[in-house]
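Structural characterization, general
Each chain, written out:
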Amino acid sequence: MNDTKTIDLPGSSETLDGDEPFACNICNMSFTQSGHLTKHRRTHTVVEPYPCDICDKSFADNSQLMKHRRNHLVEKPHTCEFCDMSFAQISHLNKHRRSHMGDKPFPCDMCDKAFADNSHLTRHRRTHTGEKPYPCGVCDKSFADSDGLTKHWRWHTGERPYPCNMCEKSYADSSSLTKHRRSHTGEKPYSCDVCDKSYSQSSHLTKHRRTHITDKPFPCDVCFKSFTDNDFLTKHRRTHTGEKPYPCDECEMSFAQSSNLTKHRRTHTGERPYPCDICDQSFAVSASLTKHRRTHTGEKPYPCEVCDKSFADSGSLTKHRRTHTGEKPYLCDVCDKSFAINGNLTKHRRIHTGEKPYLCDVCDKSFADSSGLTKHKRTHTGEKPYLCDGCEKSFSDSGTLKKHRRIKHTQLEQPNMSKDVTTLPDA
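Conventions used here
Residues numbered from 1 in each chain as written. Predicted model: local features only at pLDDT ≥ 70, side-chain atom pairs only at ≥ 80, totals over all residues. Heavy atoms only, no water. Helix = DSSP H or I, 4+ residues; strand = E, 2+ residues; numbered from the N terminus. Buried < 20%, exposed > 50% of the residue type's maximum accessible area, 1.4 Å probe, protein only. Contact = heavy atoms within 4.5 Å. Areas by Shrake-Rupley, 256 points an atom, 1.4 Å probe, with all protein chains shown as cover. Patch = residues over 30% accessible without salt bridge, like charges linked within 9 Å, V, L, I, M, F, W, Y side chains within 5 Å. Salt bridge = Lys/Arg side-chain N within 4 Å of Asp/Glu carboxyl O. Lys, Arg positive; Asp, Glu negative; His and termini not counted. Charge placed at Lys NZ, Arg CZ, Asp CG, Glu CD. Disulfide = S-S within 2.5 Å. Polar contact = N/O pair within 3.5 Å; in protein donor to acceptor, adjacent residues only side chain to side chain. Expected span 1.5 Å × (residues − 1). pLDDT = per-residue confidence, 0-100.

1. So, the overall build of the protein chain
When you go through the protein chain residue by residue, the secondary structure sums to 16 helices and 28 strands. Looking at the protein chain as a whole, 24% of its 427 residues qualify as buried. Sequence-distant contacts, at least 24 apart, represent 9% of the contacts inside the protein chain between residues at least 6 apart. In the structure as shown, the protein chain presents an accessible area of about 29200 Å², 49% of it carried by carbon and sulfur atoms.

Next comes the structure, spelled out in structure tokens:
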């Protein structure tokens, strides 16, 4: 009878009777030796008791430390016969060779993908099973692999072990550093195989490639839209059915797409995994980072086809177009008013509901919109940021400044009007 027995014998390699008698009390994995269980537990707790005496890195077990030391010794005795690369371990050379031969001997038994490395297959399977065996010891997040946990852990500790050798910035993971370096070098290694455009990030190339694809063999049976991929069609159908199969485990919200749930979870955790490589701001969503970067570059890639204005994001262009078309697609369900911008409808609804969600932290007043609160706060601070260019007076809001100019400085509002008046001769 193979009874499972969980014991804690750090550093020991004692073996008990049974197939895998040493079970992890955090996940479902079990081991034949207590030493292997001890090493495994460190993937949950991020304990790294083996420090390198040359740099500041630490490792979960001594064998990893010994492998790492070879990076300092530059001992790479295993050379690839196809290219000039050398490796410290024969296993790494064998994996590398598959990149030349296209050999992928590890197929997934749930889909048609195959992998050059068994560990990559193991990680991939978790995309089917949803398994996340690496929980964070500080918050309630879990991860599919130890690398994900290590990166996440740095958001708690603030550790940024990857410094840029061209500026003073440092990053929590090597991939962010690689992307940042391209802001110095101008490197764009991801080239489109249809046109001559290149990109600094693979995700940007993926989006661009879709502009070339004209074949959309997956039509929606509810509306006229078609899609290049069945997954896109599945996601689209949920806009018709209202299905939201991805619930948040922190609040009552649910989402139609797993990516939207991932973004939403960051409102609970405060995680901002997309850092700007020019300033120190970080963002919870990659699209927000893309928009932000344009404040540095001045790029406005969305031109209006009616006038000569351009915009930094598509949402701003869509809103601007309505000034030409007069379109007001946001209808109030209480009265007959409609609005060009959803935010204006939200503000308008508060007239009906009486809701005033913006509270003053000095007195007990509340307001229906943030601009009302901002104006009110100036009655406490005395701030008057609106300066009259006709005299030395200043005002707490733009409306009062406009009234002042109309009354006191008519010539500023209607320049040269008195000079342009012509007296007609008597008939």
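Alright, that's what it looks like, and here's the rest.
2. Thoughts on a positive patch on the surface
Among the surface-exposed residues, Lys207, Arg210, Lys235 and Lys263 lie close enough to one another that they form a single positively charged patch. Along the polypeptide, lysine 263 turns up in helix α9 (residues 258–269). A relative accessible area of 35% places lysine 263 in the partly exposed class.

3. Brief notes about the state of the cysteines
Linking two cysteines covalently through their sulfur atoms gives a disulfide. With the rule as written, the count across this model stands at zero disulfides. Cysteine 80 provides the cysteine sulfur closest to cysteine 83, a residue in no disulfide bond, and the two sulfurs are 3.8 Å apart. Cysteine cysteine 111 is unpaired, with the sulfur of cysteine 108 as its nearest cysteine sulfur at 3.8 Å. We classify cysteine 111 as partly exposed; its relative accessible area is 27%.

4. Details of the pattern of salt bridges
A complete count under the given rule lists 18 salt bridges for this structure. A salt bridge links aspartate 333 to arginine 349, with the nearest nitrogen and oxygen atoms 4.0 Å apart. Of this pair, aspartate 333 sits in the loop between β23 (330–331) and β24 (338–339) while arginine 349 is found in helix α12 (residues 342–353), placing the two residues 16 residues apart along the sequence. The exposure class assigned to aspartate 333 is exposed, which follows from its relative accessible area of 62%.

5. Regarding the side chain of arginine 182
If you trace the backbone, arginine 182 turns up in helix α6 (residues 174–185). Judged by its relative accessible area of 13%, arginine 182 falls in the buried class. For arginine 182, the side chain forms a polar contact with the main-chain oxygen of serine 200, separated by 2.5 Å. Not counting residues within four places of it along the chain, the set of residues in contact with arginine 182 comprises Glu187, Pro189, Tyr190 and Ser200.

6. Some details on the side chain of arginine 266
Following the sequence through the fold, arginine 266 ends up in helix α9. Here arginine 266 occupies a buried position and makes no salt bridge, while the nearest side chain of opposite charge, glutamate 271, is found at 4.3 Å. In this view, arginine 266 contacts Glu271, Pro273, Tyr274, Ala284 and Val285; residues no more than four positions away in its chain are not counted.

7. Some points on the environment of histidine 184
Counting through the fold element by element, histidine 184 comes out in helix α6. You can call histidine 184 partly exposed: its relative accessible area is 36%. Along the backbone, histidine 184 and aspartate 277 are 93 residues apart, and their C-alpha atoms lie at a distance of 9.6 Å. Discounting residues that sit within four places of it in the chain, histidine 184 has contacts with Cys164, Met166 and Cys167.

8. A word on the environment of cysteine 248
With respect to the helices, strands and loops of the structure, cysteine 248 is situated in the loop between β17 (246–247) and β18 (254–255). Residue cysteine 248 is classed as buried on the basis of its relative accessible area, which comes to 7%.

9. Topic: α6
With 12 residues, α6 extends 16 Å between its outermost C-alpha atoms, agreeing within 8% with the 16 Å of an ideal straight helix rising 1.5 Å per residue. Ser176, Leu177, His180 and Arg182 are the residues of α6 that are buried. Buried residues along α6 sit in contact with β11 (162–163), β12 (170–171), β13 (190–191) and β19 (274–275). Glycine 186 sits one or two positions beyond α6 and adopts a positive phi of about 75 degrees.

10. What about helix α5 (residues 146–157)?
Here α5 spans 16 Å end to end across 12 residues, near enough to the 16 Å set by a 1.5 Å rise per residue. Regarding α5, its N-cap is aspartate 145, as a side-chain oxygen of that residue lies 3.1 Å from the backbone nitrogen of aspartate 147 further along.

11. Some points on the confidence of the model for the protein chain
Confidence in the prediction of the protein chain, expressed as mean pLDDT, is 81, and 86% of residues score 70 or more. At the level of individual helices and strands, the protein chain shows its lowest average pLDDT in helix α16 (residues 417–420), which scores 38, and its highest in β24, which scores 94. Of the regions scoring below 50 in pLDDT, residues 1–18 engages in 37 contacts with residues more than four places distant in sequence or in other chains. Confidence over residues 415–427 falls short of pLDDT 50; this stretch has zero contacts with residues more than four positions distant or in other chains.

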